[in-house]
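Secondary and tertiary structure notes
What follows is the residue order along each chain.
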Amino acid sequence: MIYADNAATTKLDMDAFEAMRPFLLEEYGNASQPYSFSRTSRRALKDARMTIAECIGALPEEIYFTSGGTESDNWAIKMGAGCEGEVITSSIEHHAVLNSCRALERAGRSVSYLPVTREGIVCLETLESVISERTKLVSIMYVNNEVGSIQPIRELARAARQRGSCFHTDAVQGVGHIPINVQEAGVDMLSASGHKFNGPKGVGFLYIKNGTGISAFMDGGSQERQYRAGTENVAAIAAMAVALRKNCLALGEAREHLGRLERMILDRLRLSGVDFIRNGGGKGIPGNMSLSFRTMDGETLLHRLDLKGICVSTGSACDGTKTQVSHVLRAMKVPLEYARGTIRISLGVRNTEEEALRIAQSLIDILK
Amino acid sequence: MKIKCVACGKEGLNKDTVGINKKLLGNKVETFYCMDCLAGYLDTTTEELLEKIEEFREEGCKLFL
(Lines give C-alpha, C1' and ligand atoms only; values in the text may rest on other atoms or scores of the structure.)
Protein backbone atom coordinates (compact mmCIF):
# COMPACT_ATOMS: atom_id res chain seq x y z
CA MET A 1 0.00 0.00 0.00
CA ILE A 2 1.20 3.50 -0.83
CA TYR A 3 -0.21 6.09 1.52
CA ALA A 4 -0.35 9.50 -0.17
CA ASP A 5 -3.10 11.18 1.84
CA ASN A 6 -1.06 12.80 4.57
CA ALA A 7 -3.20 15.93 4.56
CA ALA A 8 -6.06 13.73 5.82
CA THR A 9 -4.02 12.12 8.57
CA THR A 10 -0.50 10.91 9.20
CA LYS A 11 1.06 7.77 10.60
CA LEU A 12 1.74 7.97 14.32
CA ASP A 13 5.43 8.52 15.02
CA MET A 14 6.98 5.63 16.95
CA ASP A 15 8.59 7.90 19.56
CA ALA A 16 5.22 9.60 20.02
CA PHE A 17 3.65 6.20 20.52
CA GLU A 18 6.27 5.29 23.11
CA ALA A 19 5.60 8.60 24.89
CA MET A 20 1.96 7.57 25.27
CA ARG A 21 2.56 4.11 26.68
CA PRO A 22 3.28 4.92 30.37
CA PHE A 23 0.20 7.16 30.64
CA LEU A 24 -2.04 4.47 29.17
CA LEU A 25 -0.77 1.80 31.53
CA GLU A 26 1.07 2.64 34.76
CA GLU A 27 0.87 6.42 35.04
CA TYR A 28 -2.89 6.79 34.78
CA GLY A 29 -3.30 9.36 37.56
CA ASN A 30 -5.69 12.23 36.91
CA ALA A 31 -3.51 15.29 36.40
CA SER A 32 -5.95 17.40 38.42
CA GLN A 33 -5.51 15.35 41.58
CA PRO A 34 -3.05 16.70 44.16
CA TYR A 35 -1.53 13.40 45.33
CA SER A 36 1.94 12.30 44.33
CA PHE A 37 0.72 9.49 42.06
CA SER A 38 -0.52 12.15 39.63
CA ARG A 39 2.76 14.05 39.71
CA THR A 40 4.10 12.34 36.57
CA SER A 41 0.93 13.21 34.66
CA ARG A 42 1.09 16.83 35.80
CA ARG A 43 4.75 17.05 34.79
CA ALA A 44 3.98 15.53 31.41
CA LEU A 45 1.33 18.17 30.77
CA LYS A 46 3.70 20.92 31.80
CA ASP A 47 6.52 19.57 29.63
CA ALA A 48 4.22 19.11 26.63
CA ARG A 49 2.89 22.64 26.97
CA MET A 50 6.43 23.98 27.09
CA THR A 51 7.58 21.93 24.10
CA ILE A 52 4.62 22.96 21.97
CA ALA A 53 5.02 26.62 22.96
CA GLU A 54 8.69 26.51 21.94
CA CYS A 55 7.81 24.97 18.57
CA ILE A 56 5.51 27.86 17.63
CA GLY A 57 7.17 30.74 19.47
CA ALA A 58 4.48 31.05 22.15
CA LEU A 59 4.49 31.14 25.93
CA PRO A 60 3.49 27.90 27.67
CA GLU A 61 0.47 29.55 29.31
CA GLU A 62 -0.81 30.49 25.87
CA ILE A 63 -1.29 26.83 24.85
CA TYR A 64 -4.68 25.22 25.57
CA PHE A 65 -5.12 21.52 24.89
CA THR A 66 -8.25 20.48 23.01
CA SER A 67 -9.64 17.39 21.29
CA GLY A 68 -8.31 18.52 17.90
CA GLY A 69 -8.50 21.09 15.15
CA THR A 70 -12.28 21.14 14.91
CA GLU A 71 -12.74 21.93 18.59
CA SER A 72 -10.00 24.58 18.44
CA ASP A 73 -11.68 26.24 15.45
CA ASN A 74 -15.13 26.11 17.07
CA TRP A 75 -13.76 27.65 20.25
CA ALA A 76 -11.81 30.39 18.49
CA ILE A 77 -14.71 31.41 16.26
CA LYS A 78 -17.76 30.97 18.45
CA MET A 79 -16.15 32.45 21.56
CA GLY A 80 -13.74 34.79 19.77
CA ALA A 81 -16.61 36.45 17.95
CA GLY A 82 -17.99 37.73 21.26
CA CYS A 83 -21.53 39.06 21.39
CA GLU A 84 -21.48 41.71 18.70
CA GLY A 85 -19.58 42.89 15.66
CA GLU A 86 -18.85 41.31 12.31
CA VAL A 87 -16.79 38.29 11.41
CA ILE A 88 -14.63 37.87 8.32
CA THR A 89 -13.35 34.58 6.98
CA SER A 90 -12.42 33.19 3.55
CA SER A 91 -14.40 31.09 1.11
CA ILE A 92 -11.81 28.29 1.15
CA GLU A 93 -11.75 27.49 4.87
CA HIS A 94 -12.14 24.03 6.31
CA HIS A 95 -15.71 23.13 7.26
CA ALA A 96 -14.76 23.39 10.95
CA VAL A 97 -14.42 27.12 10.34
CA LEU A 98 -17.13 27.54 7.70
CA ASN A 99 -19.78 25.73 9.70
CA SER A 100 -18.83 27.57 12.90
CA CYS A 101 -19.37 30.78 10.95
CA ARG A 102 -22.72 29.49 9.65
CA ALA A 103 -23.70 28.88 13.30
CA LEU A 104 -22.88 32.51 14.06
CA GLU A 105 -25.03 33.59 11.09
CA ARG A 106 -27.94 31.52 12.39
CA ALA A 107 -27.55 33.45 15.64
CA GLY A 108 -27.98 36.67 13.71
CA ARG A 109 -24.33 37.62 13.24
CA SER A 110 -22.90 39.05 10.04
CA VAL A 111 -20.14 36.99 8.37
CA SER A 112 -18.22 37.93 5.20
CA TYR A 113 -16.59 35.21 3.11
CA LEU A 114 -13.63 36.62 1.20
CA PRO A 115 -12.94 35.43 -2.35
CA VAL A 116 -9.52 34.06 -3.32
CA THR A 117 -7.25 34.30 -6.36
CA ARG A 118 -6.82 31.50 -8.92
CA GLU A 119 -3.88 30.38 -6.78
CA GLY A 120 -6.10 30.04 -3.71
CA ILE A 121 -4.73 33.10 -1.92
CA VAL A 122 -6.62 35.65 0.18
CA CYS A 123 -5.28 39.05 -0.89
CA LEU A 124 -4.56 41.77 1.64
CA GLU A 125 -6.47 44.26 -0.53
CA THR A 126 -9.55 42.05 -0.41
CA LEU A 127 -9.48 41.95 3.38
CA GLU A 128 -8.84 45.69 3.60
CA SER A 129 -11.86 46.39 1.40
CA VAL A 130 -14.17 44.59 3.84
CA ILE A 131 -12.66 45.07 7.30
CA SER A 132 -13.89 47.93 9.46
CA GLU A 133 -14.05 49.06 13.07
CA ARG A 134 -17.13 46.85 13.38
CA THR A 135 -15.08 43.71 12.62
CA LYS A 136 -14.69 41.68 15.77
CA LEU A 137 -12.91 38.63 14.40
CA VAL A 138 -10.97 37.66 11.27
CA SER A 139 -10.30 33.96 10.69
CA ILE A 140 -8.10 32.95 7.75
CA MET A 141 -6.46 29.55 7.43
CA TYR A 142 -2.66 29.32 7.35
CA VAL A 143 -2.49 26.57 4.73
CA ASN A 144 -5.39 25.34 2.63
CA ASN A 145 -6.11 21.65 3.13
CA GLU A 146 -7.12 20.91 -0.46
CA VAL A 147 -4.58 22.78 -2.56
CA GLY A 148 -1.86 23.57 -0.03
CA SER A 149 -1.79 27.33 -0.69
CA ILE A 150 -0.04 29.31 2.07
CA GLN A 151 -1.79 32.53 3.04
CA PRO A 152 0.00 35.83 3.73
CA ILE A 153 -0.91 35.54 7.41
CA ARG A 154 1.48 38.19 8.69
CA GLU A 155 0.01 40.87 6.40
CA LEU A 156 -3.57 39.79 7.02
CA ALA A 157 -3.07 39.71 10.81
CA ARG A 158 -1.48 43.15 10.72
CA ALA A 159 -4.48 44.55 8.87
CA ALA A 160 -6.80 43.03 11.47
CA ARG A 161 -4.73 44.44 14.32
CA GLN A 162 -4.77 47.92 12.80
CA ARG A 163 -8.58 47.81 12.90
CA GLY A 164 -8.64 46.47 16.43
CA SER A 165 -9.96 43.07 15.31
CA CYS A 166 -8.95 39.71 16.73
CA PHE A 167 -7.13 37.41 14.25
CA HIS A 168 -7.46 33.63 14.28
CA THR A 169 -5.77 31.20 11.93
CA ASP A 170 -6.63 27.56 11.37
CA ALA A 171 -3.07 26.24 11.04
CA VAL A 172 -4.00 22.56 11.12
CA GLN A 173 -2.25 21.89 7.79
CA GLY A 174 0.72 24.09 8.57
CA VAL A 175 1.91 23.31 12.09
CA GLY A 176 4.72 20.76 11.96
CA HIS A 177 5.12 21.20 8.21
CA ILE A 178 6.33 24.76 7.71
CA PRO A 179 8.05 27.13 10.14
CA ILE A 180 5.36 28.91 12.16
CA ASN A 181 6.03 31.52 14.81
CA VAL A 182 2.92 33.07 16.32
CA GLN A 183 4.74 36.22 17.39
CA GLU A 184 6.24 36.85 13.97
CA ALA A 185 2.91 36.06 12.34
CA GLY A 186 1.15 38.39 14.76
CA VAL A 187 -1.88 36.14 15.27
CA ASP A 188 -4.10 36.18 18.37
CA MET A 189 -5.27 32.59 18.07
CA LEU A 190 -4.03 29.52 16.19
CA SER A 191 -5.58 26.06 15.85
CA ALA A 192 -3.59 22.84 15.45
CA SER A 193 -4.29 19.12 15.38
CA GLY A 194 -1.97 16.36 16.59
CA HIS A 195 -2.70 13.72 13.96
CA LYS A 196 -1.72 16.04 11.11
CA PHE A 197 1.91 16.00 12.22
CA ASN A 198 2.38 12.34 13.19
CA GLY A 199 0.82 12.68 16.62
CA PRO A 200 -2.26 10.76 17.78
CA LYS A 201 -5.85 11.49 16.75
CA GLY A 202 -8.26 13.17 19.16
CA VAL A 203 -5.87 15.79 20.47
CA GLY A 204 -4.90 19.29 19.40
CA PHE A 205 -4.37 22.71 20.83
CA LEU A 206 -5.45 26.29 20.55
CA TYR A 207 -2.89 29.03 20.99
CA ILE A 208 -4.49 32.06 22.62
CA LYS A 209 -2.27 35.08 22.95
CA ASN A 210 -2.17 36.50 26.46
CA GLY A 211 -4.71 39.27 26.80
CA THR A 212 -7.04 38.00 24.07
CA GLY A 213 -10.60 38.43 25.28
CA ILE A 214 -12.08 34.98 24.83
CA SER A 215 -14.30 32.98 27.12
CA ALA A 216 -14.35 29.27 27.90
CA PHE A 217 -15.86 26.92 25.33
CA MET A 218 -16.34 23.84 27.52
CA ASP A 219 -17.90 24.32 30.91
CA GLY A 220 -17.05 21.94 33.72
CA GLY A 221 -13.96 21.49 35.83
CA SER A 222 -11.07 23.87 36.19
CA GLN A 223 -8.68 22.23 33.73
CA GLU A 224 -6.67 24.41 31.34
CA ARG A 225 -6.87 27.38 33.70
CA GLN A 226 -10.68 27.12 33.66
CA TYR A 227 -10.84 27.69 29.91
CA ARG A 228 -11.28 24.14 28.66
CA ALA A 229 -12.96 21.75 31.06
CA GLY A 230 -12.46 18.00 30.87
CA THR A 231 -9.84 15.59 32.19
CA GLU A 232 -6.71 16.02 30.12
CA ASN A 233 -5.78 13.26 27.70
CA VAL A 234 -2.24 13.14 29.08
CA ALA A 235 -1.04 10.27 26.88
CA ALA A 236 -2.15 11.96 23.66
CA ILE A 237 -0.88 15.37 24.75
CA ALA A 238 2.56 13.98 25.60
CA ALA A 239 2.70 12.17 22.28
CA MET A 240 1.57 15.25 20.35
CA ALA A 241 4.42 17.27 21.84
CA VAL A 242 6.99 14.61 20.92
CA ALA A 243 5.67 14.42 17.36
CA LEU A 244 5.63 18.18 16.90
CA ARG A 245 9.16 18.62 18.20
CA LYS A 246 10.45 15.88 15.88
CA ASN A 247 8.69 17.36 12.88
CA CYS A 248 9.89 20.88 13.63
CA LEU A 249 13.49 19.71 13.93
CA ALA A 250 13.33 18.11 10.49
CA LEU A 251 11.41 20.73 8.51
CA GLY A 252 14.25 21.55 6.08
CA GLU A 253 15.02 17.92 5.37
CA ALA A 254 11.34 17.13 4.83
CA ARG A 255 10.88 20.08 2.49
CA GLU A 256 13.77 18.93 0.32
CA HIS A 257 12.60 15.32 0.22
CA LEU A 258 8.96 16.19 -0.53
CA GLY A 259 9.98 18.69 -3.20
CA ARG A 260 12.02 16.00 -4.93
CA LEU A 261 9.09 13.54 -4.86
CA GLU A 262 6.71 16.20 -6.19
CA ARG A 263 9.02 16.97 -9.11
CA MET A 264 9.35 13.27 -9.95
CA ILE A 265 5.57 12.85 -10.17
CA LEU A 266 4.97 16.06 -12.11
CA ASP A 267 7.84 15.44 -14.55
CA ARG A 268 6.56 11.95 -15.31
CA LEU A 269 3.02 13.16 -15.87
CA ARG A 270 4.12 16.01 -18.13
CA LEU A 271 6.38 13.74 -20.17
CA SER A 272 3.52 11.32 -20.70
CA GLY A 273 1.33 14.00 -22.27
CA VAL A 274 -1.51 13.57 -19.76
CA ASP A 275 -3.76 16.66 -19.80
CA PHE A 276 -3.75 18.12 -16.28
CA ILE A 277 -3.29 21.29 -14.27
CA ARG A 278 -1.82 21.78 -10.83
CA ASN A 279 -4.08 23.87 -8.62
CA GLY A 280 -2.51 26.51 -6.43
CA GLY A 281 0.42 27.09 -8.75
CA GLY A 282 2.87 24.93 -6.83
CA LYS A 283 3.89 27.59 -4.31
CA GLY A 284 2.17 25.89 -1.41
CA ILE A 285 3.10 23.50 1.33
CA PRO A 286 5.64 20.85 0.31
CA GLY A 287 4.15 17.52 -0.69
CA ASN A 288 0.58 18.71 -1.25
CA MET A 289 -0.42 18.45 -4.91
CA SER A 290 -3.94 19.15 -6.09
CA LEU A 291 -4.05 17.88 -9.67
CA SER A 292 -7.00 18.24 -12.01
CA PHE A 293 -7.25 15.87 -14.97
CA ARG A 294 -9.44 16.70 -17.92
CA THR A 295 -10.50 13.24 -18.94
CA MET A 296 -11.71 11.50 -15.79
CA ASP A 297 -13.74 12.16 -12.66
CA GLY A 298 -11.70 12.61 -9.51
CA GLU A 299 -13.71 10.00 -7.68
CA THR A 300 -13.15 7.46 -10.45
CA LEU A 301 -9.44 8.19 -10.31
CA LEU A 302 -9.41 7.80 -6.53
CA HIS A 303 -11.04 4.37 -6.72
CA ARG A 304 -8.89 3.21 -9.62
CA LEU A 305 -5.78 4.20 -7.66
CA ASP A 306 -7.22 2.48 -4.61
CA LEU A 307 -7.49 -0.75 -6.60
CA LYS A 308 -3.77 -0.38 -7.25
CA GLY A 309 -3.11 0.09 -3.53
CA ILE A 310 -2.61 3.86 -3.62
CA CYS A 311 -4.48 6.16 -1.19
CA VAL A 312 -5.24 9.73 -2.31
CA SER A 313 -8.13 12.18 -1.84
CA THR A 314 -10.49 13.74 -4.33
CA GLY A 315 -11.72 17.29 -4.82
CA SER A 316 -15.09 16.20 -6.12
CA ALA A 317 -17.78 13.72 -5.19
CA CYS A 318 -20.29 11.91 -7.38
CA ASP A 319 -23.59 10.51 -6.11
CA GLY A 320 -24.11 8.52 -9.28
CA THR A 321 -25.85 11.28 -11.22
CA LYS A 322 -24.01 14.51 -10.51
CA THR A 323 -20.42 15.42 -9.72
CA GLN A 324 -20.05 18.01 -6.96
CA VAL A 325 -16.90 20.08 -7.11
CA SER A 326 -15.46 21.18 -3.75
CA HIS A 327 -16.06 24.69 -2.43
CA VAL A 328 -12.31 25.37 -2.63
CA LEU A 329 -11.98 24.55 -6.33
CA ARG A 330 -15.14 26.56 -7.05
CA ALA A 331 -13.76 29.56 -5.16
CA MET A 332 -10.52 29.29 -7.13
CA LYS A 333 -12.53 29.20 -10.35
CA VAL A 334 -10.84 26.04 -11.60
CA PRO A 335 -12.42 25.31 -15.02
CA LEU A 336 -15.21 22.78 -14.51
CA GLU A 337 -13.88 20.32 -17.10
CA TYR A 338 -10.72 20.04 -14.99
CA ALA A 339 -12.22 20.57 -11.53
CA ARG A 340 -14.35 17.43 -11.88
CA GLY A 341 -11.17 15.38 -12.29
CA THR A 342 -9.32 16.58 -9.22
CA ILE A 343 -7.32 14.46 -6.83
CA ARG A 344 -5.09 15.52 -3.95
CA ILE A 345 -1.82 13.68 -3.53
CA SER A 346 -0.36 14.63 -0.16
CA LEU A 347 3.02 13.06 0.36
CA GLY A 348 4.74 12.51 3.68
CA VAL A 349 8.34 12.09 4.73
CA ARG A 350 7.93 8.33 4.73
CA ASN A 351 7.06 8.21 1.04
CA THR A 352 9.92 7.04 -1.15
CA GLU A 353 11.10 7.91 -4.66
CA GLU A 354 9.99 4.47 -5.80
CA GLU A 355 6.49 5.18 -4.48
CA ALA A 356 6.40 8.55 -6.21
CA LEU A 357 7.25 6.89 -9.51
CA ARG A 358 4.58 4.23 -8.92
CA ILE A 359 1.98 6.89 -8.25
CA ALA A 360 2.87 8.72 -11.46
CA GLN A 361 2.96 5.53 -13.54
CA SER A 362 -0.35 4.32 -12.12
CA LEU A 363 -1.98 7.63 -13.01
CA ILE A 364 -0.59 7.44 -16.53
CA ASP A 365 -1.78 3.84 -16.93
CA ILE A 366 -5.29 4.81 -15.81
CA LEU A 367 -5.52 7.97 -17.88
CA LYS A 368 -3.92 6.83 -21.12
CA MET B 1 -32.60 -4.68 -23.54
CA LYS B 2 -30.19 -7.22 -22.10
CA ILE B 3 -26.73 -5.75 -21.54
CA LYS B 4 -23.84 -7.97 -22.67
CA CYS B 5 -20.25 -8.08 -21.46
CA VAL B 6 -18.09 -6.46 -24.11
CA ALA B 7 -15.28 -8.95 -23.43
CA CYS B 8 -16.84 -12.41 -22.90
CA GLY B 9 -20.36 -11.84 -24.18
CA LYS B 10 -22.06 -12.82 -20.91
CA GLU B 11 -25.64 -11.56 -21.05
CA GLY B 12 -27.94 -9.92 -18.52
CA LEU B 13 -25.53 -7.69 -16.63
CA ASN B 14 -27.37 -6.41 -13.58
CA LYS B 15 -27.68 -2.89 -12.20
CA ASP B 16 -24.78 -3.28 -9.78
CA THR B 17 -22.47 -4.49 -12.54
CA VAL B 18 -23.43 -1.61 -14.83
CA GLY B 19 -23.02 0.77 -11.87
CA ILE B 20 -19.54 -0.40 -10.95
CA ASN B 21 -18.51 -0.09 -14.62
CA LYS B 22 -19.69 3.53 -14.60
CA LYS B 23 -18.07 4.23 -11.27
CA LEU B 24 -14.66 2.85 -12.20
CA LEU B 25 -14.48 3.50 -15.93
CA GLY B 26 -16.42 6.74 -16.13
CA ASN B 27 -20.06 7.77 -16.23
CA LYS B 28 -20.06 8.05 -20.00
CA VAL B 29 -19.06 4.47 -20.83
CA GLU B 30 -21.39 2.80 -23.31
CA THR B 31 -20.04 -0.72 -23.21
CA PHE B 32 -19.77 -2.78 -20.05
CA TYR B 33 -17.81 -5.68 -18.60
CA CYS B 34 -19.20 -8.47 -16.46
CA MET B 35 -17.80 -8.59 -12.91
CA ASP B 36 -15.09 -11.14 -13.71
CA CYS B 37 -13.94 -9.39 -16.88
CA LEU B 38 -13.98 -5.98 -15.15
CA ALA B 39 -11.87 -7.40 -12.31
CA GLY B 40 -9.44 -8.79 -14.90
CA TYR B 41 -9.34 -5.52 -16.84
CA LEU B 42 -8.61 -3.53 -13.67
CA ASP B 43 -6.17 -6.14 -12.35
CA THR B 44 -8.17 -6.71 -9.19
CA THR B 45 -10.55 -9.35 -7.80
CA THR B 46 -14.31 -9.76 -8.07
CA GLU B 47 -14.46 -9.75 -4.26
CA GLU B 48 -12.79 -6.35 -4.13
CA LEU B 49 -15.33 -4.99 -6.62
CA LEU B 50 -18.21 -6.42 -4.58
CA GLU B 51 -16.80 -4.67 -1.48
CA LYS B 52 -16.66 -1.42 -3.44
CA ILE B 53 -20.29 -1.84 -4.54
CA GLU B 54 -21.39 -2.27 -0.93
CA GLU B 55 -19.42 0.80 0.13
CA PHE B 56 -20.94 2.90 -2.68
CA ARG B 57 -24.41 1.68 -1.70
CA GLU B 58 -23.81 2.62 1.94
CA GLU B 59 -22.67 6.09 0.84
CA GLY B 60 -25.98 6.47 -0.98
CA CYS B 61 -24.68 6.38 -4.56
CA LYS B 62 -27.75 6.32 -6.77
CA LEU B 63 -26.16 3.89 -9.22
CA PHE B 64 -26.60 1.11 -6.65
CA LEU B 65 -29.93 1.97 -5.03
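Preceding block: the structure.
Summary of the structure given here. (Residues numbered from 1 in each chain as written. Chains lettered and ligands numbered in written order. Predicted model: local features only at pLDDT ≥ 70, side-chain atom pairs only at ≥ 80, totals over all residues.)

Now for the overall build of chain A. When helices and strands are tallied, chain A shows 14 helices and 15 strands. Compactness check: chain A gives a C-alpha radius of gyration of 21 Å against a globular reference of 21 Å for 368 residues, within 12% of the reference. Taken along its principal axes, the extent of the C-alpha atoms in chain A is 65 × 50 × 40 Å. Residue burial in chain A is summarised as follows: out of 368 residues, 50% are buried. Expressed as a percentage of contacts within chain A between residues at least 6 apart in sequence, the contacts between residues at least 24 apart total 73%. (Helix = DSSP H or I, 4+ residues; strand = E, 2+ residues; numbered from the N terminus. Rg over C-alpha atoms; globule rule 2.2 N^0.38 Å. Buried ≥ 20, exposed ≤ 12 C-beta atoms within 10 Å, placed from the backbone. Contact = placed C-beta atoms within 7 Å.)

Counting its regular elements, chain B contains 3 helices and 0 strands. Starting at the N terminus and ending at the C terminus, chain B contains elements arranged as α-α-α. Oriented by its inertia axes, the alpha-carbon framework of chain B measures out at about 30 × 25 × 20 Å. Expressed as a percentage of the 65 residues in chain B, the buried residues total 28%. Within chain B, contacts between residues at least 6 apart in sequence are counted, and of these 41% link residues at least 24 apart.

This part covers the interface of chain A and chain B. At the interface, 9 residues of chain A touch 12 residues of chain B. In the side of chain A that touches chain B, the residues fall into 2 nonpolar, 4 polar and 3 charged. (Nonpolar A, V, L, I, M, F, W, Y, C, P; charged D, E, K, R; others polar.)

Residue and element names in this part refer to chain A. Tracing the backbone through its elements, the reader meets Ile 310 in strand 11 (residues 310-311). Along the primary structure Ile 310 and Met 1 are separated by 309 residues, whereas in three dimensions their C-alpha atoms are 5.9 Å apart. Here Ile 310 is in contact with Ile 2, Ala 4, Leu 305, Ile 359 and Ser 362, once residues within four sequence places are set aside.

This part takes up helix 14 (residues 353-367) of chain A. Residues and elements named next belong to chain A. In a regular helix each residue adds 1.5 Å, so 15 residues correspond to 21 Å; helix 14 covers 21 Å between its end C-alpha atoms and thus fits that length. Turning to helix 14, its buried residues number three or more, namely Ala 356, Ile 359, Ala 360 and Leu 363. One side of helix 14 carries all its buried residues, which in axial view fall inside an arc of 90 degrees. Along helix 14, the residues that are exposed and aim more than 90 degrees away from the buried face are Glu 354 and Asp 365. Packed against the buried residues of helix 14 are strand 1 (2-3), helix 10 (251-272), strand 11 and strand 15 (342-346). (Expected span 1.5 Å × (residues − 1). Arc of directions from axis to C-beta.)

Moving on, we get to the sheet that holds strand 9 (residues 276-279) of chain A. Residue and element names in this part refer to chain A. Taken in spatial order, the 4 strands make up an open sheet running 9-10-15-12, and their pairing is antiparallel. The outermost strands of the open sheet, each flanked by one partner alone, are strand 9 and strand 12 (313-314). Strand direction decides the pairing type here: strand 10 (residues 288-293) and strand 15, joined by 5 bridges, are antiparallel. Along strand 15, the bridge assignment pairs Ser 290 with Arg 344. (Pairing = 2+ DSSP bridges.)

All names here are of chain A. Overall, mixed pairing links the 7 strands, which are arranged 2-8-7-6-5-3-4 in an open sheet. Each of the sheet's edge strands pairs with one partner strand only, and the pair in question is strand 2 (63-66) and strand 4 (111-114). If you compare each strand with its neighbour and ignore which way they point, the axes differ by 20 degrees on average. (Axes fitted to C-alpha atoms, helices over the stretch in contact; angles between N-to-C directions.)

Residue and element names in this part refer to chain A. The first and last C-alpha atoms of helix 10 sit 32 Å apart over 22 residues, in line with the 32 Å expected at 1.5 Å per residue. Along helix 10, the positions that sit buried rather than exposed are His 257, Leu 258, Leu 261, Ile 265 and Leu 269. Looking straight down helix 10, one finds that the buried residues subtend no more than 105 degrees of arc, so they occupy a single side. Of the exposed residues in helix 10, those oriented more than 90 degrees away from the buried face are Gly 252, Glu 256, Arg 263, Asp 267, Arg 270 and Leu 271. Tucked inside the fold, the buried residues of helix 10 contact strand 9, strand 10, strand 15 and helix 14. Remark: Gly 273 follows helix 10 within two positions and exhibits a positive phi of approximately 85 degrees.

Glycine aside, negative phi is the norm for most residues, and most peptide bonds take the trans geometry. Residues and elements named next belong to chain A. Its identity is not glycine, yet Asn 198 carries a phi of approximately 70 degrees, on the positive side. Within the secondary structure, Asn 198 sits in the loop between strand 7 (189-193) and strand 8 (204-208). Its identity is not glycine, yet Arg 225 carries a phi of approximately 50 degrees, on the positive side. With respect to the helices and strands, Arg 225 occurs in helix 8 (residues 223-226).

All names here are of chain A. Direction of pairing for strand 3 (residues 86-90) relative to strand 4: parallel, over a ladder of 4 bridges. Counterpart to Ser 90 in the pairing with strand 4 is Leu 114. For the segment spanning strand 3, helix 4 (residues 95-106) and strand 4, crossover handedness is right-handed. (Right-handed = clockwise from strand over helix to strand, strands pointing away.)

Time to look at the environment of Asp365(A). Residues and elements named next belong to chain A. With respect to the helices and strands, the residue Asp 365 is situated in helix 14. Asp 365 sits in the exposed class, given 12 other C-beta atoms within 10 Å. When the C-alpha atoms of Asp 365 and Ala 19 are compared, they prove to be 43 Å apart, with 346 residues separating the residues in sequence.

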